[in-house]
Each structure stands twice: as structure tokens, then as C-alpha cells.
Amino acid sequence: MAYNILILGAAYGSLLASKMLFGGNRIHHVCLPAEADLINAEGFIVRLPVRGRKDPVILDSRKLPGKVTAGGAAGVNPADYDLVGLAMQEPQYRSPGVRELLDAVAKSRVPCMSIMNMPPLPYMKRIPGLNADSLKPAYTDPSVWDNFDPGKLSLCSPDPQAIRPPDEKANVLQVTLPTNFKVAKFDDDKDTAILRKLESEIDSIRFDPGDGTKIELPVKLRVYDSLFVPLAKWAMLLAGNYRCVTTDGMRTAQEAVHSDIETSRAVYNFVNDLVVKLGANPNDLVPFEKYAAAAQSLSRPASAARALNNGAQFIERADKLVQLIAKQKGLSLPAIDAQVALVDQRLEANRKKAA
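This structure is a prediction, so every number in the text was calculated from the model and none was measured. (Residues numbered from 1 in each chain as written. Predicted model: local features only at pLDDT ≥ 70, side-chain atom pairs only at ≥ 80, totals over all residues. Heavy atoms only, no water.)

1. Observations regarding the sheet that holds strand 10 (residues 172–177)
Consideration 1: The four strands are arranged 4-3-10-9 in an open sheet whose pairing can be described as mixed. Unpaired on one side and paired on the other, strand 4 (57–60) and strand 9 (161–163) mark the two borders of the sheet. Taking each pair of neighbouring strands and ignoring which way they run, the sheet shows an average axis angle of 25°. (Pairing = 2+ DSSP bridges. Helix = DSSP H or I, 4+ residues; strand = E, 2+ residues; numbered from the N terminus. Axes fitted to C-alpha atoms, helices over the stretch in contact; angles between N-to-C directions.)

Here you go:
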């Protein structure tokens, strides 16, 4: 049985969508009108690097077994879908139209999988021993999450890295780091069964890139019983992504990690230790050396730094979220406090400039 899957967002969300289409599933993206028109007319393209091949594999949604459509937030009934994916940046969920659709998703009780760097507030309520209310200052508008049943919301760590090439159409996505999506189970086994079926379908993909061979593709979906596996991304975000933000500009993720490797290591290990204190198994987390090696290929500033440089007044604040969780546990690290303060300053400067 094919699933009907609603994905809020059509940029990063098209990467996971491209893999789900192999199973014959029907995907509907909620996105901007220009993006929707392009996807409805031409589908979308995902360029995927495959080890051992000189050129990336091209996934064209029009040539895959499933069907993809796109449109705006108005007139979408979440109850028509088996699964909802949240693939926008956290500040976007308070936008007119998107906010109302998100609330309808919450009230529909359709299982909802977030593919954001910033875990939705209801997901944090699933973690034992955390006071979720004290984490609200990290969210652009925490009230958008009020009507969610935490057990109906899961978190999928967006570990694969991908970009929209600036000189190409808005329906093209280029994968730069083809790692796996890691998703935690839902409270209800019937909801989790949807994830496990998608995981199995994606595992079984063998793709003909045009030369008659059948190759296995990277970027899998991995389903975990642990709530903490998707939190392995936090250490990467704080040691790399947010440290791309500098006082007066930005730097690449490679520079952020490797220009002061000892500070990077200290931040990374502090965050991993914090996740272990929350209940994670250390074996589920990524060691610093493996991340540092992968960061050598991250030749662009992270999206948070690019957004700040472009004048954004709000960005995802996983840095602040981790700082607030650490505070609950009586912990802090000066390097993290300084970076959070720097991002605060940059955002404040952007707001003053806009005003």
C-alpha cells in the first residue's frame, strides 16, 4: 500500500521525498507559489554523489514510481495523509497560512516527523526529566506547537547536507554530504510501522543511472527505538554550524571546526556528554574525530550563518536550546555561552537595521 505523505517545505524536503517516491508513495509539498509551479510543471531534481562514481546520480522525480505535487498552505487537509514531514526552518512555522496548517496537523493527530535541526517543542516533552517550558525562549514562537500530542511527533535528524545551487532553478537540490536520516520511533507502534515500511523501501532501492547497472544509493532512512539518536546532530551544530557565525561575517564549516580544533573538540564533547546525561547511549553518538573528518569537505558557511549575513531577523536557535538544557542540568561552557551571545548580537543588529 502506497502512502500519502505531506511535506511542509520543498527544498531540503525534496531529498527525503526523492527516496520515498521509489516506493510508489504520493508526496505533496507545501511551498512558495513559484516553487510549486515549477515542481508541478517539471518535478524536481536531486543530484546525489555515489562512492566510486565520478559524476553524481541524477534523480528526476518525474521518472520515479511515486507521484509528486506541490501547492500553498491553503486548502490542505492533513487528515488526507498518512504521514506529515516538517522540512521548513523553525521560524517559518509562525508565518501566516503555515501557522494555521501546522495547527491543523496537530489537531488531525496524523503522525508527524520533523526534519529540522531544531527539535519541535513537543518532542522535547518526550524526553524524561526535562522542563520543556524553560526551553521556550529558544523558539521563535513556541505557541505554534501548543496543540501537538508529543507522542504523535517524532524527530528525524537532518544529517545529509544539501544545497540549492545558486545559478540553477529552484527545483534542483545538490547533495554535498550523503549521510543517513535518523528518526526516532513514535509512541504508537502503528505510527512507527509507517516509518519502518519507508525504511525498508528505501533500503531496497537499486537504481539504474542510465548505463544498465543497478546500484545502491546512499542516504537511507534509519528508524531507532531511542529518542536520543537524532540528538547526535546537536554536537555537530554547536561545534560547526553556529561557529560559522563571526563578529562581522561568516566562515565555512571547515574553517569553523579546524581553525581552532581544541575549542571545537571541547564544544562537541560537552554537547555529547549533555545528551548522554539526558539518557542517550554513548554508542549512538558520533565521535568527534569522525565529524571532524567529514567537516573537511564542508566548504560553505552553514545556513544559519548565511541567513544572518543576508539580514535574517530570526533563525533556528538550536545553540540556545542546548545552552538552556545545559543550564537545567547545572552545566555551562564558556565557548558555547560566547557563541550564543554572538548570535544574539547579530540578530539584534539585523532587527535594528530592518526597523
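2. What to know about the nonpolar core
Consideration 1: One finds Tyr93, Trp145 and Trp234 to be the most contacted residues of the largest nonpolar core, which totals 84 residues.
Consideration 2: With seven residues, the single largest contributor to this core is helix 8 (residues 261–278).
Consideration 3: For Trp145, the contacting residues outside a window of four places in its chain are Leu86, Tyr93, Leu102, Met116, Pro120, Leu121, Pro122, Tyr139 and Leu153.
Consideration 4: Counting 45 residues, the second-largest nonpolar core is a separate cluster that includes Ile7, Phe22, Cys156 and Leu217. (Core = buried A, V, L, I, M, F, W, Y, C linked by side-chain atoms within 4.5 Å. Buried < 20%, exposed > 50% of the residue type's maximum accessible area, 1.4 Å probe, protein only. Contact = heavy atoms within 4.5 Å.)

3. Describing the packing of helix 6 (residues 233–241) against helix 8
Consideration 1: Where helix 6 meets helix 8, the closest approach of the two axes is 8 Å, and the angle between their N-to-C directions is 155°. Accordingly, the angle class assigned to the pair helix 6 and helix 8 is roughly antiparallel. The two elements helix 6 and helix 8 meet at a crossing, and its hand is right-handed. On helix 8, the residues touching Trp234, Ala235, Met236, Leu238 and Ala239 of helix 6 are Ser264, Val267, Tyr268, Val271, Asn272, Val275 and Leu278. (Parallel < 35°, antiparallel > 145°, perpendicular 65-115°, else oblique. Left-handed = near helix turned anticlockwise from the far one by under 90°.)

4. Re the sheet that holds strand 7 (residues 112–114)
Consideration 1: The eight strands are arranged 5-2-1-6-7-8-11-14 in an open sheet whose pairing can be described as mixed. Looking along the sheet, the strands with just one partner apiece sit at the ends: strand 5 (67–71) and strand 14 (221–224). Neighbour-to-neighbour, the strand axes of this sheet turn through a mean angle of 25°, independent of strand direction.
Consideration 2: Bridge analysis of strand 1 (residues 4–8) against strand 6 (residues 83–86) gives four bridges, and the strand direction is parallel. The residue of strand 6 that forms the bridge with Ile7 is Gly85.
Consideration 3: Seen against the sheet, helix 5 (residues 189–203) touches strand 1, strand 6, strand 7, strand 11 (181–184) and strand 14 and runs at an angle of roughly 145° to strand 14.

5. Looking at the pairing of strand 14
Consideration 1: The alternating pattern of strand 14 places Leu221 and Val223 on a buried face, while none of Arg222 and Tyr224, on the opposite face, is buried.
Consideration 2: Summarising the sheet, strand 11 and strand 14 pair through four bridges and their orientation is parallel. The residue bridging Lys182 from the neighbouring strand is Arg222, located in strand 14.

6. Examining the environment of Glu35
Consideration 1: Residue position: Glu35 is located in helix 2 (residues 33–42).
Consideration 2: Remark: the alpha-carbon pair of Glu35 and Pro230, spanning 195 residues in sequence, is separated by 29 Å.
Consideration 3: Dropping the residues within four chain positions of it, Glu35 is found in contact with Ala10, Ala11, Arg164 and Ala170.

7. With respect to the state of the cysteines
Consideration 1: Tallied over the entire structure, the rule returns zero disulfides.
Consideration 2: The thiol sulfur of Cys112 is not disulfide-bonded, and the nearest other cysteine sulfur, from Cys156, lies at 12 Å. (Disulfide = S-S within 2.5 Å.)

8. Let's talk about the layout of surface pockets
Consideration 1: Empty space within the largest pocket amounts to approximately 1,500 Å³.
Consideration 2: Along its surface, the largest pocket is lined by 50 residues, and Ala11, Tyr12, Gln89, Ser303 and Arg306 are the ones closest to its centre.
Consideration 3: Of all the elements in the fold, those that place two or more residues in the lining of the largest pocket are helix 2, strand 9, strand 10, helix 6 and helix 10 (303–309).
Consideration 4: Of the residues forming the lining of the largest pocket, the biggest block, four residues, is contributed by helix 10. (1 Å grid on protein atoms, 1.4 Å probe; cavity = no way out; pocket = protein on both sides within 12 Å on 5 of 7 lines; lining within 4 Å. Points joined across faces, edges and corners; volume = space filled by probe spheres on them.)

9. Description of the pattern of salt bridges
Consideration 1: For the structure shown, the criterion picks out 22 salt bridges.
Consideration 2: In this structure, Arg126 and Asp187 form a salt bridge, with 3.1 Å as the shortest nitrogen-oxygen distance. You can see Arg126 sitting in the loop between helix 4 (121–125) and strand 8 (153–157) and its partner Asp187 sitting in the loop between strand 11 and helix 5, a full 61 residues away along the chain.
Consideration 3: Residue Arg126 is classed as buried on the basis of its relative accessible area, which comes to 11%.
Consideration 4: For Asp187, a relative accessible area of 57% gives the class exposed.
Consideration 5: Residues joined in a network through salt bridges with shared partners are Arg317, Asp319, Lys320 and Asp344. (Salt bridge = Lys/Arg side-chain N within 4 Å of Asp/Glu carboxyl O.)

What is shown is where atoms sit, not what they do.
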